[in-house]
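Examining the three-dimensional arrangement
Spelled out from the first residue to the last, the chains are:
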Amino acid sequence: MSEPARVLVIEDAETIRIAVLAALADAGYAVAGHPDGATLEEELQQFRPDLVVLDVMLPGRDGFALLEVVRRRSEAGVVLLTARDAVSDRLRGLHGGADDYVVKPFELEELVARIGAVLRRLRRVPSVVQVGDLVIDADSGVVLRGSEQIEVTATELRLLGYLAAQRGRVVSKTQILTGVWGYDDYDPNLVEVHVSALRRKLEAYGPRLLQTVRGLGYVLRADES
């Protein structure tokens, strides 16, 4: 089994840091957290994160300064986390090499989804994922149900990969929109249409894997319980 992606969280607000670490651990990531960037260089060498979540307004070196350190010493992805929502701040972070910029206050589910999206873009999560008799190879674009290959579109492959990464967990339409399309303001019917098409293809070769949890969202799992 592939090792889980490693995420380092540097956030001085203890309640936020603990909540983010718990949400990431629940999503299956290996996590570490610190209230400042005093030991960032050591963490980049020892913990070797695949992604770093950086609060911009930190004691000592701020998030922009720490972003420069990450970019010099690591190939980790970076998600900036801050209450500063000015366009100039966002551009400074993105031009400095950040992969995403999340403004406080935020929903934990959205942050976890955005982190997952960055890790997938950077190919820091396993290419091949299996759920029951379903095998998804994101790199080759191959989807197998048992011995049968299923033809899927590029969007269906991204959707299936996202659901497989969250296998066993119910994800909402908003989470899917953010994780697959990168936005949360599309018509939710977009998700329903693609889920329905994908479900038909999967069920042509076996029992239901992609289930609807009424009022909550969708879950990909190998049993029907």
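Fair warning: this is a prediction, and the values are worked out from it, not measured in the lab.

Taken in spatial order, the five strands of this open sheet run β2-β1-β3-β4-β5, and their pairing is parallel. With partners counted over all chains shown, the strands left at the sheet margins are β2 (30–34) and β5 (100–103), one partner each. Across the sheet, the mean angle separating the axes of adjacent strands is 20° when strand polarity is ignored. Running at roughly 170° to β2, helix α1 (residues 14–26) makes contact with β1 (6–10) and β2 of the sheet.

Ordered by their spatial adjacency, four strands build an open sheet running β6-β7-β8-β9, and the pairing between neighbours is antiparallel. Edge positions in the sheet fall to β6 (128–131) and β9 (148–150), since each has one partner strand and no second. Strand after strand, the sheet turns through a mean of 25° between neighbouring axes, direction not considered. In this sheet, β9 lies alongside strand β8 (residues 142–145) in antiparallel orientation, the contact comprising three bridges. Residue pairing for β9: V143 is matched across the bridge by I150.

Counting buried positions along strand β3 (residues 51–55) gives five out of five residues, so the element sits mostly inside the fold. Pairing between β1 and β3: four bridges, direction parallel. Each bridged residue has a counterpart across the sheet, and for V7 the counterpart in β3 is L51. Direction of pairing for β3 relative to strand β4 (residues 77–82): parallel, over a ladder of five bridges. Across the sheet, D55 pairs through a bridge with L81, a residue of β4. Handedness of the crossover is the feature at issue here: the chain leaves β3, passes through helix α3 (residues 63–73), returns alongside β4, and the resulting connection is right-handed.

Core analysis: the largest hydrophobic core is formed by 27 residues, its most contacted members being L134, V143, L160, L163, I176, L210 and L220. In terms of residue count, the dominant contributor to this core is helix α6 (residues 154–165) (six residues). Counting 21 residues, the second largest nonpolar core, distinct from the first, contains L44, L54, V56 and L58.

Looking now at helix α7 (residues 173–181). For α7, a buried count of seven out of nine residues is recorded, marking the element as mostly surrounded by other parts of the structure. Taken residue by residue, α7 has Q175, I176, L177, T178, G179, V180 and W181 as its buried positions. Against the buried residues of α7 lie α5 (108–121), α6, α8 (189–203) and β11 (217–220).

Moving on, we come to the packing of α6 against α7. With their axes 9 Å apart at the nearest point, α6 and α7 run at an angle of 120° to one another. The angle between α6 and α7 falls in the class oblique. The two elements α6 and α7 cross, and the hand of that crossing is right-handed. Counting all contacts with α6, which are made through T155, R158, L159, Y162 and L163, the residues of α7 involved are Q175, I176, G179, V180 and W181.

Conventions used here
- Residues numbered from 1 in each chain as written.
- Predicted model: local features only at pLDDT ≥ 70, side-chain atom pairs only at ≥ 80, totals over all residues.
- Heavy atoms only, no water.
- Pairing = 2+ DSSP bridges.
- Helix = DSSP H or I, 4+ residues; strand = E, 2+ residues; numbered from the N terminus.
- Axes fitted to C-alpha atoms, helices over the stretch in contact; angles between N-to-C directions.
- Contact = heavy atoms within 4.5 Å.
- Buried < 20%, exposed > 50% of the residue type's maximum accessible area, 1.4 Å probe, protein only.
- Right-handed = clockwise from strand over helix to strand, strands pointing away.
- Core = buried A, V, L, I, M, F, W, Y, C linked by side-chain atoms within 4.5 Å.
- Parallel < 35°, antiparallel > 145°, perpendicular 65-115°, else oblique.
- Left-handed = near helix turned anticlockwise from the far one by under 90°.

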